[in-house]
Amino acid sequence: MPAATGGRWGRFWEQRARQLQRQVQAKEEWIVDLETENAVLHLRLAQYQGAAGQSGSASAGLCSPCGPRARLPRSPHAALLRLCPVIQALKQDVKALHASFLEVFRNFWDHLQTGLSEVAEGVQRAQLQHQALLSWRSKAGHLERCLQEADSRYQLEKQRRKVLHNRLVELKGNIRVHCRIRPLLPFDEEPEDPASQNSSVPAEVVHAVDDETVLVKCDRAAHPPINNTYSFERVYGPAESQQAVFGDVRPLLTSLLDGYNVCIMAYGQTGCGKSYTMLGPQSTGEPVPPWEPHSDLGVLPRAAGELFRLISENPSRSLKVDVSIVEVYNNDIFDLLAKDGRTAASGPKREALTAQEAKPEVCLLTREPVHSAAEFMALAAGSLQLRAELATSVHANSSRSHLIITVTLTTAPARGSPGARHPRAAEQQANGPWPEGSRRSASGGRAWPGALGAQRPAEQVHAKLQLVDLAGSECVGVSGVTGSALRETSFINRSLAALADVLGALAERRGHVPYRNSKLTHFLQDVLGGDAKLLVILCVSPCRKHVAETLRCLGFGARARQVQRGQARGGSPAPRKPR
Ligand code: ADP
Ligand code: MG
């Protein structure tokens, strides 16, 4: 029972008691008036009686000499006779007054009794209501606790489901796909668009429904309405930080140290936050120390910091870190770390090689050893300045190439290993033609299937990490590019289409997967079709004007999730053990 009802009753009884009190007071005043009147009448009666006594004695004095009849004067007697009915009337009045006083008092008493019993009933009812209130309160508390328990059980089950789903994804060899929706930015404004002038039309059409679901909801003139949802392993809303994104990348670095090959790739339209996510806002500036926790650092500097932190936790493993950086520009691969023949725009051209075809005589990529996160970032920052960029109408620093940073972890061989005894043999083991799965480390694990790096003799590859910042897919009409930039755009779009074709073929388990249709897919062949832990971060813009590209990007992600690698070529996936 709500407390308000108890309060209402309390007020009612208080008013009733006041009313009765006023009535009693009025009656008391009336009684006092009557008593006063009574007293006045008594007084007058006494005066009359006194006057009558005097007149009697006077008449006696007068009567004694003349006899009783002659002694009684006529006037006092007449006065007495006149007074008698008055006195009678007064007596009647007093009686009536007394009776009415008694009546009033009885009424008052009855009212008082009724009021008191009503008050008592009210108090009893209020007590019952209070008890009911207490019992409701305790029931509500109980239900609240049940709800909390159910909620925590739900969270636990959700977490378990996530873990099991992850495990399933891992076992099936699926590609993990995350989606990041960037916030609306000043350059998203479209003053010439009449729809944007209308404040009732929302500018944001892409929403994170929860941490696994994206909703695209958009009504555009002359277009059918869009109301599509997509599910991914993780969805980041516009407010989610770089730290949150890296929180889901960090476990992959532990896997890297455990000996798994890892690839993290950012995919999406130009200007939707791929470079921001992978490199951070200072992607081409001075390296910022990766241990700065509150900055906007992207995946690369955070991964560099985490990698060296994990290595320092177990120095007995004596892992060495080498870095190579390439860009795929206009369907050519350029080594951004090569010292020889470097042009202002980019490094020398290199060929894409895969595990099956790497030859020792082919000019291999430069691999720079690094010993700290700061050294790594300085090297990366130098290379990033060489990367091809262009200002488009979508984005002032549109990357025109796919950037691939490869981190190779190597261990020194055990004493007396073939590599140590015969450096030439070791070199052949490192660079020679490798039938898939044949290249194994001294500890028995399988080495990185991508052979894009010369191994130093007598070293064993422990695992490789590839960070890929793809060039943005782009609608020529929207980006407004012309001339050589248009040619670049065409190469970018073709390589991304080739990537989608490869994923399509893998998802459908076709016998032939068209890796060689582009240098990008050829370069990434071992990552896409192999057993590396591959994470694709789809970056999308929330704007209505980019909705067509966003749908294409989300469709790409949905297709990538269908891929079950290792089975596309007919066989079951090779069992993979961490080293
Ligand atoms: P892309 O590499 O996909 O072409 P960028 O990463 O260069 O796009 O991002 C384009 C612009 O948007 C940059 O100015 C970047 O700082 C900004 N941006 C992208 N994502 C975010 C985000 N999540 N939060 C804040 N700004 C962002
Ligand atoms: Mg970019």
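Residues numbered from 1 in each chain as written. Chains lettered and ligands numbered in written order. Predicted model: local features only at pLDDT ≥ 70, side-chain atom pairs only at ≥ 80, totals over all residues. Heavy atoms only, no water.

- Per an unreviewed UniProt entry, the protein goes by the name Kinesin-like protein and belongs to Panthera pardus.
- Quoted verbatim from the Sequence similarities (unreviewed entry) heading of the UniProt record, the comment on the protein is "Belongs to the TRAFAC class myosin-kinesin ATPase superfamily. Kinesin family."
- Looking at the protein in UniProt, the text filed under Subcellular location (unreviewed entry) is "Cytoplasm, Cytoskeleton". (UniProt positions renumbered as here; feature names shortened; annotations may be inferred.)

1. Thoughts on the overall build of the protein
Okay, so step 1: Looking only at helices and strands, the protein features 15 helices and 15 strands.
Okay, so step 2: Counting all 579 residues of the protein, 43% fall into the buried class.
Okay, so step 3: When contacts within the protein are restricted to residue pairs at least 6 apart in sequence, those whose partners lie at least 24 apart make up 71%.
Okay, so step 4: For the protein, the accessible surface area stands at approximately 30,100 Å², while carbon and sulfur atoms represent 57% of it. (Helix = DSSP H or I, 4+ residues; strand = E, 2+ residues; numbered from the N terminus. Buried < 20%, exposed > 50% of the residue type's maximum accessible area, 1.4 Å probe, protein only. Contact = heavy atoms within 4.5 Å. Areas by Shrake-Rupley, 256 points an atom, 1.4 Å probe, with all protein chains shown as cover.)

2. Observations concerning a negative patch on the surface
Okay, so step 1: Judged by side-chain charge, Glu28, Glu29, Asp33, Glu37 and Asp93 come together as a negatively charged surface patch.
Okay, so step 2: Here the element with the most residues in the negative patch is helix H1 (residues 3-66); it accounts for 4 residues.
Okay, so step 3: Mapped onto the secondary structure, Asp93 falls in helix H3 (residues 74-172).
Okay, so step 4: Relative accessible area serves as the criterion here: at 43%, Asp93 is assigned to the partly exposed category. (Patch = residues over 30% accessible without salt bridge, like charges linked within 9 Å, V, L, I, M, F, W, Y side chains within 5 Å. Salt bridge = Lys/Arg side-chain N within 4 Å of Asp/Glu carboxyl O. Lys, Arg positive; Asp, Glu negative; His and termini not counted. Charge placed at Lys NZ, Arg CZ, Asp CG, Glu CD.)

3. What about the sheet that holds strand E2 (residues 206-210)?
Okay, so step 1: Taken in spatial order, the 3 strands make up an open sheet running E2-E3-E4, and their pairing is antiparallel. Every interior strand has two partners, whereas the edge strands, E2 and strand E4 (226-231), have only one. Recorded for the sheet is a direction-independent mean angle of 25 degrees between the axes of neighbouring strands.
Okay, so step 2: Pairing of E2 with strand E3 (residues 213-218), which is carried by 4 bridges, proceeds in the antiparallel orientation. Pairing of Val206 across the sheet is with Val216, part of E3.
Okay, so step 3: Strands E2, E3 and E4 of the sheet are contacted by helix H15 (residues 547-562), whose axis makes an angle of about 35 degrees with E4. (Pairing = 2+ DSSP bridges. Axes fitted to C-alpha atoms, helices over the stretch in contact; angles between N-to-C directions.)

4. Section: the nonpolar core
Okay, so step 1: Counting residues in hydrophobic clusters, the biggest one holds 49 residues, and the most contacted among them are Phe232, Met265, Tyr267, Leu499, Leu528, Leu538 and Leu554.
Okay, so step 2: Per element, the largest residue contribution to this core is 8 residues, and it comes from helix H12 (residues 483-507).
Okay, so step 3: Listed in part, the 45 residues of the second largest apolar core include Val249, Leu253, Val262 and Leu409. (Core = buried A, V, L, I, M, F, W, Y, C linked by side-chain atoms within 4.5 Å.)

5. Topic: the packing of helix H7 (residues 299-313) against helix H8 (residues 373-384)
Okay, so step 1: Put simply, H7 and H8 touch, their axes get as near as 9 Å, and they point 150 degrees apart. Between H7 and H8, the crossing angle belongs to the class labelled roughly antiparallel. Read as a crossing pair, H7 and H8 show a hand that is right-handed. From H7, Leu300, Pro301, Ala304, Gly305 and Phe308 reach across to H8, where they touch Ala373, Phe376, Met377 and Ala380.
Okay, so step 2: When its residues are assigned to classes, the contact of H7 with H8 shows 8 nonpolar, 1 polar and no charged. (Parallel < 35°, antiparallel > 145°, perpendicular 65-115°, else oblique. Left-handed = near helix turned anticlockwise from the far one by under 90°. Nonpolar A, V, L, I, M, F, W, Y, C, P; charged D, E, K, R; others polar.)

6. What to know about helix H5 (residues 242-257)
Okay, so step 1: The terminal C-alpha atoms of H5, which comprises 16 residues, lie 22 Å apart, in line with the 22 Å expected from a rise of 1.5 Å per residue.
Okay, so step 2: Its axis deflected by about 35 degrees at Asp248, H5 carries its strongest bend there, up to four residues before the proline Pro251.
Okay, so step 3: Buried within H5 are the following residues: Gln242, Val245, Phe246, Val249, Leu252, Leu253, Ser255, Leu256 and Leu257.
Okay, so step 4: Positioned one or two residues after H5, Gly259 has a phi angle of 110 degrees, which is positive. (Expected span 1.5 Å × (residues − 1). Bend = angle between axes of the 7 residues up to and from the residue.)

7. Focus: the packing of aromatic side chains
Any pair of aromatic rings gets described here by the distance separating the centres and the angle formed by the planes.
Okay, so step 1: On inspection of all chains with the given rule, the structure shows 7 aromatic pairs.
Okay, so step 2: Taking 4.7 Å as the distance between ring centres and 75 degrees as the angle between the ring planes, the aromatic pair formed by Phe12 and Trp13 counts as edge-to-face.
Okay, so step 3: Relative to Phe108, the ring of Phe105 lies with its centre 6.3 Å away and its plane at 50 degrees, an arrangement referred to as tilted. Of this pair, Phe105 and Phe108 both sit in helix H3, 3 residues apart, which is roughly one turn of the helix.
Okay, so step 4: In this structure an aromatic cluster arises from ring pairing among Phe101, Phe105, Phe108 and Trp109. (Phe/Tyr/Trp six-rings, centres within 6.5 Å; stacked < 30°, edge-to-face > 60°.)

8. As for the UniProt feature "binding site: ATP" (unreviewed entry) in the protein
Okay, so step 1: This chain's UniProt record puts "binding site: ATP" (unreviewed entry) on Gly268, Gln269, Thr270, Gly271, Cys272, Gly273, Lys274 and Ser275.
Okay, so step 2: We classify Gly273 as buried; its relative accessible area is 17%.
Okay, so step 3: Setting aside anything within four residues of it in sequence, one finds Lys274 in contact with Ala266, Tyr267, Gly268, Gln269, Asp469, Leu470, Ala471, Gly472 and Cys539.

9. Focus: the environment of Leu20
Okay, so step 1: Considering the arrangement of structural elements, one finds Leu20 in helix H1.
Okay, so step 2: The class of Leu20 is buried, set by a relative accessible area of 8%.
Okay, so step 3: Residues within four places of Leu20 in sequence aside, it is in contact with His111 and Gly115.

10. Some points on the confidence of the model for the protein
Close reading of the predicted structure is inappropriate where its pLDDT is low.
Okay, so step 1: Across the protein, the average pLDDT comes to 78, with 72% of residues at or above 70.
Okay, so step 2: Taken element by element, the predicted model of the protein shows its lowest mean pLDDT in helix H10 (residues 423-431) (35) and its highest in strand E5 (residues 234-236) (96).
Okay, so step 3: Residue range residues 65-70 is modelled with pLDDT below 50. Its contacts to residues more than four positions away, or to other chains, number 4 contacts. (pLDDT = per-residue confidence, 0-100.)

11. Considering unusual backbone geometry
Negative phi is the rule for most residues except glycine; trans is the rule for most peptide bonds.
Okay, so step 1: Despite not being glycine, Asn330 shows a phi value in the positive range, around 45 degrees.
Okay, so step 2: Positive phi, close to 55 degrees, is recorded for Arg509, a residue that is not glycine.
Okay, so step 3: On the accessibility criterion, Arg509 (40% relative accessible area) is partly exposed.

12. Comments concerning the environment of Gly529
Okay, so step 1: Tracing the backbone shows Gly529 in helix H14 (residues 525-529).
Okay, so step 2: A relative accessible area of 4% means that Gly529 is categorised as buried.
Okay, so step 3: Sequence separation between Gly529 and Val513 is 16 residues; the distance between their C-alpha atoms is 8.9 Å.

13. Points about H8
Okay, so step 1: Under the 1.5 Å per step criterion, the end-to-end length of H8 is 16 Å for 12 residues, consistent within 8% with the ideal 16 Å.
Okay, so step 2: Those residues of H8 not exposed but buried are Ala373, Phe376, Met377, Ala380, Ala381, Ser383 and Leu384. When H8 is viewed along its axis, its buried side chains cluster within an angular range of 160 degrees and face the same direction.
Okay, so step 3: The secondary structure elements touched by the buried residues of H8 are H7, strand E7 (319-329), strand E10 (368-370) and strand E13 (402-411). (Arc of directions from axis to C-beta.)

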